[in-house]
Amino acid sequence: MKRSHVLAVCFCLFVASWLHAAETPSVTQETVMVPMRDGVLLATDVYRDPNLKQAPVLLMRTPYNKDRVKKIAERYAAAGFITVVQDCRGKFQSEGIFYPYDHEGRDGYDAIEWLGKQPWCNGRIGMWGASYVGATQWLAANEHPPGLVTIAPMATFSSFYRNLYLGGAMRLSLITRWASGNSKKPEGAEVTSDWRSTLLHLPMSEIDEQIGWSIPWLEGMLTHPEHNGYWNRTELTDEIVDLELPMQHIVGYYDFFSRETVGNFMRMQQQARDAQTRGKQQLILGPWDHGSIGRAQVGDVDFGPHAVMDKAGENLQWFERYLKAGPENDSAVEVPVRYFSMGENVWREANTWPPRGFCETPFYLHSAGNANTGSGDGTLTYCPPTDAETADAFKADPADPAPACPVTEKRPLISATWAPVDQRPIEKRKDVLVYTSGAFTEPLRFAGNARAKLFVSADTPDADWVVKLIDVHPDGFAQNLAVGILRGRFRDSERQPKLMKSGQVYEITVDLGPIAAQIGKGHKLRVDICGAYFPLFDRNPNTGEGPFGKGTKVATEKVYHDAVRPSQIILPCQY
């Protein structure tokens with residue numbers, strides 16, 4: 001190549017680079033201390049293009065360090081928004097004392113009110129973020145601050161009680177490990193290195209001390225298993241329907257927030273008092289757990305390239321429409337629901353959740369009374385029992401609770417995951433009942449909210465029933481699809497538990513949450529039932545004494561499946 005040609009190419013590359021730089025907005029960052037109503041100052045980063053005199057504002061309020069959000073904040077600011085990220089009260093650079101969720105509603109209102117008074121704010125404010133950061137959106141929105149026009153609460157709750165408790169059982173490892181990293185550690189204190197002993201400790205009211213120091217707010221959460229007035233400050237479920245805000249809800253099936261996030265979408269789309277608001281709700285439901293939103297690899301399963309999603313990009317599209325564009329483009333969502341069908345590994349669309357066109361279909365449990373372990377005689381069929389089949393029984397020992405997932409060198413007990421992992425090692429335990437269908441000759445597709453209806457008894461005042469829905473692959477890999485748990489004394493009510501009577505048979509319903517999957521040709525459908533899901537949920541001492549009790553009892557739990565008591569799992573299937 002001639003020297004003149006080389007110089008010409010270099011010049012062109014330089015000009016292209018210069019033009020690109022000129023077209024890309026420069027983003028500045030400024031940290032200010034924003035006063036709350038009680039005088040406490042919260043550290044707040046403002047990202048913006050100085051060439052914009054006014055723009056809509058995106059607010060995140062986080063307990064996890066505002067500096068960690070810099071990259072996304074700059075991306076949003078470069079897209080024409082002013083991005084504001086604030087450390088929650090008592091966290092990192094903010095003043096005050098951190099008490100989970102206690103000030104987030106009022107502080108959120110004050111932050112939004114302050115934003116509305118800034119000369120660079122055009123009066124339109126939105127919020128984004130996941131988990132705790134998603135909850136700060138609900139809590140602020142419920143205060144009805146002026147200027148808030150849309151939120152995007154990803155993988156979060158409107159009822160903190162249901163964040164921690166499902167069927168009366170507590171998500172123990174989740175909240176204890178979170179508390180160990182988000183409470184003030186006294187000088188010289190050390191976090192426990194023996195998490196198994198810590199999480200098995202009784203009474204539960206002392207677990208905070210076993211972590212390494214007193215954490216009063218954790219003790220309060222551990223000692224209030226009933227859905228009572230203790231939780232009122234973070235109980236917004238009945239109130240959110242009064243909000244008039246477009247909302248984007250994103251979550252995964254394996255996320256412990258899946259029920260709450262999907263339930264919030266359903267509530268807003270179907271029950272919001274404002275008719276226009278009902279049409280401005282979007283649900284994106286993928287194959288992820290809490291830490292893998294937008295990824296293909298989740299636990300032991302690769303869901304393929306279609307599972308990959310730019311979650312920040314999805315938020316950005318939402319805000320381009322409902323925050324930046326203004327009221328003139330404030331129309332209903334064209335595709336309210338996008339859900340990922342596992343097994344097929346493709347996205348599907350629907351107008352609502354559950355999707356229409358699916359029929360509730362029971363699959364019945366059968367055995368000759370020996371369904372224990374994967375080598376037992378438990379089967380799962382479309383046909384209900386017609387005679388007196390022998391009930392299955394297992395012993396639930398609080399000293400050796402069934403694990404939530406197989407324990408390995410790489411995944412110790414405390415690192416138990418909600419994600420899909422091979423269930424076969426757990427199915428070798430005698431305290432696990434296993435019911436398996438024959439291989440499907442045609443694919444079975446289902447989408448909606450799954451549940452189990454069981455007839456059960458125990459010889460103790462209390463006991464837990466854990467139900468897992470599993471896709472057994474042709475090579476034997478047993479992929480958990482959904483799980484639910486019910487503590488016996490909470491069988492009728494979250495608010496008024498009742499102890500069980502020894503030997504009495506109860507009909508119970510175990511919620512398995514939202515699910516969409518295809519059981520492929522050659523695959524089998526399986527249901528596992530056991531008495532614990534430890535340590536993701538606290539194990540039941542089976543005494544009925546509650547969080548202050550020190551004793552344990554080994555429970556003999558039975559599952560009945562005969563003509564009169566046809567235990568079954570119910571899936572919304574498409575034919």
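Residues numbered from 1 in each chain as written. Predicted model: local features only at pLDDT ≥ 70, side-chain atom pairs only at ≥ 80, totals over all residues. Heavy atoms only, no water.

Let's talk about the overall build of the protein
Moving on, step 1. When you go through the protein residue by residue, the secondary structure sums to 12 helices and 25 strands.
Moving on, step 2. Its C-alpha atoms give the protein principal-axis dimensions of roughly 85 × 60 × 55 Å.
Moving on, step 3. Looking at the protein as a whole, 59% of its 575 residues qualify as buried.
Moving on, step 4. Summarising the internal contacts of the protein: among those between residues at least 6 apart in sequence, 75% fall at separations of at least 24.
Moving on, step 5. Working note: accessible area of the protein is about 23,500 Å², and carbon and sulfur atoms make up 51% of it.
Moving on, step 6. Each charge class in the protein was averaged separately, 60 positive and 68 negative side chains, and the resulting centres sit 2 Å apart. (Helix = DSSP H or I, 4+ residues; strand = E, 2+ residues; numbered from the N terminus. Buried < 20%, exposed > 50% of the residue type's maximum accessible area, 1.4 Å probe, protein only. Contact = heavy atoms within 4.5 Å. Areas by Shrake-Rupley, 256 points an atom, 1.4 Å probe, with all protein chains shown as cover. Lys, Arg positive; Asp, Glu negative; His and termini not counted. Charge placed at Lys NZ, Arg CZ, Asp CG, Glu CD.)

Some details on unusual backbone geometry
Moving on, step 1. The peptide bond linking L202 to P203 adopts the cis configuration, its omega dihedral lying at 0 degrees.
Moving on, step 2. Tracing the backbone shows P203 in the loop between α7 (195-200) and α8 (207-211).
Moving on, step 3. Cis geometry is adopted by the peptide bond preceding P354, which originates at W353 and carries an omega value of 0 degrees.
Moving on, step 4. By the secondary structure assignment, P354 is in the loop between β14 (346-350) and β15 (359-366).
Moving on, step 5. Positive phi, normally seen in glycine, also occurs at N65, with a value near 90 degrees.
Moving on, step 6. Looking at the secondary structure, you find N65 in the loop between β3 (55-62) and α2 (70-78).
Moving on, step 7. Here N65 falls in the buried class, since its relative accessible area comes to 16%.

Considering the environment of L243
Moving on, step 1. Relative to the assigned elements, L243 resides in the loop between α9 (216-222) and β9 (247-252).
Moving on, step 2. Considering only alpha carbons, one finds L243 and T277, 34 residues apart in sequence, at a separation of 8.1 Å.
Moving on, step 3. Residue contacts for L243: discarding those within four places in its chain leaves W138, A141, N142, H144, M268 and T277.

Quick notes on the packing of α2 against helix α12 (residues 311-324)
Moving on, step 1. Contact geometry of α2 with α12 gives a least axis separation of 11 Å together with a crossing angle of 30 degrees. Helix-helix and strand crossings are classified by hand; for α2 and α12 the assignment is right-handed. Facing I72, R75 and Y76 of α2, the residues of α12 in contact are A312, G313, N315 and L316.
Moving on, step 2. Class assignment of the residues belonging to the contact of α2 with α12 gives a composition of 4 nonpolar, 2 polar and 1 charged. (Axes fitted to C-alpha atoms, helices over the stretch in contact; angles between N-to-C directions. Left-handed = near helix turned anticlockwise from the far one by under 90°. Nonpolar A, V, L, I, M, F, W, Y, C, P; charged D, E, K, R; others polar.)

Points about the environment of I515
Moving on, step 1. Structurally, the position occupied by I515 is in strand β22 (residues 506-519).
Moving on, step 2. On the basis of relative accessible area, I515 is assigned to the buried category, the value being 0%.
Moving on, step 3. The spacing of I515 and F358 is 157 residues in sequence and 12 Å in space, taken between C-alpha atoms.
Moving on, step 4. Those residues within four positions of I515 in sequence are excluded, and the remaining contacts are Y253, M342, W353, F446, A447, G448, A450 and L481.

Points about the confidence of the model for the protein
Moving on, step 1. Here the protein shows a mean pLDDT of 95. Residues at 70 or above account for 95%.
Moving on, step 2. Residue range residues 1-23 is modelled with pLDDT below 50. Its contacts to residues more than four positions away, or to other chains, number 1 contact. (pLDDT = per-residue confidence, 0-100.)

Describing the environment of P216
Moving on, step 1. Within the secondary structure, P216 is located in helix α9.
Moving on, step 2. A residue is classified by how much of its surface remains accessible, and P216, at 58% relative accessible area, is exposed.
Moving on, step 3. For the pair P216 and Y99, spaced 117 residues apart in the sequence, the C-alpha separation amounts to 9.7 Å.

Here we look at α12
Moving on, step 1. For α12, which comprises 14 residues, the first-to-last C-alpha distance of 18 Å matches the rise-based estimate of 20 Å (1.5 Å per residue) to within 8%.
Moving on, step 2. Of all bends in α12, the biggest is about 25 degrees, found at W318. (Expected span 1.5 Å × (residues − 1). Bend = angle between axes of the 7 residues up to and from the residue.)

Description of the packing of aromatic side chains
Moving on, step 1. In total, this model carries 27 aromatic pairs according to the counting rule given.
Moving on, step 2. In this structure, K324 is placed above the aromatic ring of F81, and the distance from its NZ or CZ to the ring centre is 4.8 Å.
Moving on, step 3. Positioned above the aromatic ring of Y506 is the side chain of R491, whose terminal nitrogen or guanidinium carbon lies 4.4 Å from the ring centre. (Phe/Tyr/Trp six-rings, centres within 6.5 Å; stacked < 30°, edge-to-face > 60°. Lys NZ or Arg CZ within 6 Å of the ring centre and 35° of its normal.)

Examining the pattern of salt bridges
Moving on, step 1. Under the criterion given, the structure shown has 28 salt bridges.
Moving on, step 2. Salt-bridge contacts for R429 lead to D400; the nearest nitrogen and oxygen are separated by 3.6 Å. One end of the pair, R429, is in the loop between β17 (392-396) and β18 (432-436); the other, D400, is in the loop between β17 and β18, and 29 residues separate them in sequence.
Moving on, step 3. One salt-bridge network, held together by shared partners, links D38, R89 and D107. (Salt bridge = Lys/Arg side-chain N within 4 Å of Asp/Glu carboxyl O.)

Details of the state of the cysteines
Moving on, step 1. Enumeration over the complete set of coordinates arrives at 0 disulfides.
Moving on, step 2. In this structure C359 is not part of a disulfide, and its nearest cysteine sulfur, from C573, lies 8.0 Å away.
Moving on, step 3. Judged by relative accessible area, C359 falls into the partly exposed class, the value being 43%.
Moving on, step 4. For C530, which is in no disulfide, the shortest distance to another cysteine sulfur is to C405 and amounts to 12 Å. (Disulfide = S-S within 2.5 Å.)

As for helix α10 (residues 258-271)
Moving on, step 1. Taking 1.5 Å of rise per residue, the 14 residues of α10 would be expected to cover 20 Å, and the 19 Å separating its terminal C-alpha atoms lies within 8% of that figure.
Moving on, step 2. Counting buried positions along α10 gives 11 out of 14 residues, so the element sits mostly inside the fold.
Moving on, step 3. What α10 keeps buried is the set S258, E260, T261, V262, G263, N264, F265, M266, R267, M268 and Q269.

Section: the side chain of D255
Moving on, step 1. Along the chain, the position of D255 falls in the loop between β9 and α10.
Moving on, step 2. The buried charged residue D255 lacks any salt bridge, with R171 as its nearest oppositely charged partner at 7.8 Å.
Moving on, step 3. At 2.8 Å, the side chain of D255 and the backbone nitrogen of F257 are in polar contact.
Moving on, step 4. In contact with D255, not counting residues within four places along its chain, are A155, W288, D289, H290 and I293. (Polar contact = N/O pair within 3.5 Å; in protein donor to acceptor, adjacent residues only side chain to side chain.)

Some details on the side chain of S180
Moving on, step 1. Looking at where S180 falls in the secondary structure, it is placed in helix α6 (residues 172-182).
Moving on, step 2. According to the relative accessible area criterion, S180 is buried, its value standing at 16%.
Moving on, step 3. A polar contact of 2.7 Å, which involves the side chain of S180, links it to the backbone oxygen of R177.
Moving on, step 4. Excluding residues that lie within four positions of it along the chain, S180 makes contacts with V191, W195, I211 and W213.

Structural notes on the pairing of strand β20 (residues 464-472)
Moving on, step 1. Most of β20 sits out of view: 9 of its 9 residues are buried.
Moving on, step 2. Taking every second residue as pointing to the same face, both faces of β20 are buried, with D464, V466, K468, I470 and V472 on one and W465, V467, L469 and D471 on the other.
Moving on, step 3. One ladder, built from 9 bridges, connects β20 with strand β21 (residues 478-487); its direction is antiparallel. Residue pairing across strands places L469 opposite A482, the latter belonging to β21.
Moving on, step 4. Following β20, the chain reverses through 5 residues before pairing antiparallel with β21; G476 in that reversal takes a positive phi of roughly 100 degrees. (Pairing = 2+ DSSP bridges.)

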